[in-house]
Amino acid sequence: MSLKVKCTYCGKQFKTDKVNLKTRKIGKGIEITYYECPKCKTEFIVMRTNPEIRFAQAKLQKFIDRLKGKPEGATPDDVFHVVLLQRDFKEKLDAFNGR
């Protein structure tokens, strides 16, 4: 899904599917994911993560990948487990990012 955004600094409009997400370590296991305005290079932070959040994200992705390999498809219990993992990931991410 692509969104049209406008840089708050230079006014350049661009689509989010055209940006390259970058990650940078900022110390003590904390990483920021961000993108830059293609014109003025201003950084816009998408999220900050710590090891606990990245572990929850990896756990969720691993479970989803495992479901993709199931020839019979996901069961209702599988879907419920994905929802629980997503909720855990989002709660940790929101708490860490002050949302």
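Residues numbered from 1 in each chain as written. Predicted model: local features only at pLDDT ≥ 70, side-chain atom pairs only at ≥ 80, totals over all residues. Heavy atoms only, no water.

**Student:** Explain the nonpolar core to me, and be specific about the residues and the numbers.
**Tutor:** By size, the foremost hydrophobic cluster in this structure holds 6 residues: Val 5, Cys 7, Phe 14, Tyr 35, Cys 37 and Phe 44. Apart from the residues lying within four places of it in its own chain, the contact partners of Val 5 are Lys 12, Gln 13, Phe 14 and Thr 16. (Core = buried A, V, L, I, M, F, W, Y, C linked by side-chain atoms within 4.5 Å. Buried < 20%, exposed > 50% of the residue type's maximum accessible area, 1.4 Å probe, protein only. Contact = heavy atoms within 4.5 Å.)

**Student:** Mind laying out the pairing of strand E4 (residues 30–36), listing which residues take part and the relevant values?
**Tutor:** Within E4, 5 of the 7 residues are buried, which leaves the element mostly enclosed by the surrounding structure. In terms of strand pairing, strand E3 (residues 22–27) meets E4 through 5 bridges, oriented antiparallel. Of the residues in E4, the one forming a bridge with Lys 22 is Tyr 34. Relative to strand E5 (residues 43–49), E4 runs antiparallel, the two sharing 6 bridges. Looking across to E5, one finds that Thr 33 is bridged to Met 47. Connecting E4 to the antiparallel partner E5 that follows it, the hairpin turn spans 6 residues, and Lys 41 within it adopts a positive phi of roughly 70 degrees. (Helix = DSSP H or I, 4+ residues; strand = E, 2+ residues; numbered from the N terminus. Pairing = 2+ DSSP bridges.)

**Student:** Tell me about helix H2 (residues 76–96), and please be specific about residues and values.
**Tutor:** The end-to-end C-alpha distance of H2 is 30 Å, a good match for the 30 Å that 21 residues give at a rise of 1.5 Å each. Taken residue by residue, H2 has Asp 78, Val 82, Leu 85, Phe 89, Leu 93 and Asp 94 as its buried positions. All buried residues of H2 project into a common sector of 160 degrees when viewed along the axis, lining one side. Turned more than 90 degrees from where H2 packs its buried face, Pro 76, Asp 77, Phe 80, Glu 91 and Ala 95 sit exposed. (Expected span 1.5 Å × (residues − 1). Arc of directions from axis to C-beta.)

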